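Fold and contact review
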Amino acid sequence: MGAHGSNLDDILEEDMHHWYNKFMRESPSGLITLFELKSMLQMNGMTEEASSYVDQVFFTFDMDGDGYINFVEYIAAISLLLKGEINQKLKWYFKLFDQDGNGKIDKDELETIFKAIQDITRSYEIPPEEIVTLIYEKIDVNGEGELTLEEFISGAKGHPDIMEMLTKMMDLTTVLEIIVHGQRKKAVK
């Protein structure tokens, strides 16, 4: 990946007509379903955690909750991931991590997401348990075992090492490249 082909930072600078045509070619109905997203990402054989993570990503991008990603949601999602401000990204990460929607992230939710991300990215450098322990040691100042949105944002911003780790773990460049450029292909050199 990297320097081969289109640079993802330039994606949103492309002509909106081009984006719309691409979206309609990929999804002639004008909507992407969860099943279609999983097909694009070639989810066959992925773990249950990885499949659940993609479900969660889909539902956070489905802003109106209708079960589909429309063109506006598609562009908004790509824009957030590529160009979003740090507070916007942290709010999105929080929403993604908060699987039960109770407004708090517990250790199990965070560990499940990190395991899923590792299954999808095939990057297993740091065990998820270690990542979660580090995050909670530094951010969960009250020792409750749960993080609110405010604790999460201030804690991540207050600890550059955690911010860097979250940014690296949550880098969805691979997923975006598949969505933008189609099914996984070998990079042309």
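Residues numbered from 1 in each chain as written. Predicted model: local features only at pLDDT ≥ 70, side-chain atom pairs only at ≥ 80, totals over all residues. Heavy atoms only, no water.

1. As for the overall build of the protein chain
Scanning the protein chain from terminus to terminus reveals 10 helices and four strands. Moving toward the C terminus, one meets the helices and strands of the protein chain in the order α-β-α-α-β-α-α-β-α-α-β-α-α-α. By sequence separation, contacts in the protein chain at least 24 residues apart represent 63% of the contacts at least 6 residues apart. Roughly 10,400 Å² of accessible area belongs to the protein chain as shown, and the carbon and sulfur atoms make up 52% of that amount. (Helix = DSSP H or I, 4+ residues; strand = E, 2+ residues; numbered from the N terminus. Contact = heavy atoms within 4.5 Å. Areas by Shrake-Rupley, 256 points an atom, 1.4 Å probe, with all protein chains shown as cover.)

2. Re the nonpolar core
Counting 51 residues, the largest nonpolar core has Tyr53, Phe97, Phe114, Ile135, Phe152 and Leu166 as the members making the most contacts within it. Counting residues per element, this core draws most heavily on helix α4 (residues 71-83), at eight residues. Those residues in contact with Phe114, other than ones at most four positions away along the chain, are Phe97, Pro128, Ile131, Val132, Ile135, Leu166 and Met169. (Core = buried A, V, L, I, M, F, W, Y, C linked by side-chain atoms within 4.5 Å. Buried < 20%, exposed > 50% of the residue type's maximum accessible area, 1.4 Å probe, protein only.)

3. Brief notes about the environment of Glu48
Along the chain, Glu48 turns up in helix α3 (residues 48-61). C-alpha separation for the pair Glu48 and Thr112, spaced 64 residues apart in sequence, amounts to 10.0 Å.

4. Details of helix α8 (residues 149-158)
Every buried residue of α8 is listed here: Glu151, Phe152, Ile153, Gly155 and Ala156. Those residues of α8 that are buried lie in contact with α5 (86-97), β3 (104-106), α7 (128-139), β4 (146-148) and α9 (160-169).

5. Considering the confidence of the model for the protein chain
Taken over all residues, the pLDDT of the protein chain has a mean of 78, while the share at 70 or more is 80%. Low confidence marks residues 1-6, where pLDDT is under 50. Its contacts with residues over four positions away, or in another chain, come to six contacts. Ignoring residues within four places in sequence, the model shows residues 183-189, a span with pLDDT below 50, making 10 contacts including any to other chains. (pLDDT = per-residue confidence, 0-100.)

6. Some details on the pattern of salt bridges
Evaluated as defined, the whole model comprises four salt bridges. With a shortest N-O distance of 2.7 Å, Asp55 and Lys38 are connected by a salt bridge. Here the residue Asp55 occupies a position in helix α3, and Lys38 occupies one in helix α2 (residues 34-40), the gap between them amounting to 17 residues. Look at Asp55 and you get partly exposed, because its relative accessible area is 21%. (Salt bridge = Lys/Arg side-chain N within 4 Å of Asp/Glu carboxyl O.)

7. With respect to the packing of α5 against α8
Across the interface, α5 lies against α8 with an axial gap of 10 Å and an inter-helix angle of 130°. In terms of orientation, α5 and α8 fall into the oblique class. Between α5 and α8 the crossing geometry is right-handed. On the side of α5, the interface is formed by Ile86, Asn87, Leu90, Lys91, Tyr93, Phe94 and Phe97, while α8 contributes Leu149, Phe152, Ile153, Ala156 and Lys157. (Axes fitted to C-alpha atoms, helices over the stretch in contact; angles between N-to-C directions. Parallel < 35°, antiparallel > 145°, perpendicular 65-115°, else oblique. Left-handed = near helix turned anticlockwise from the far one by under 90°.)

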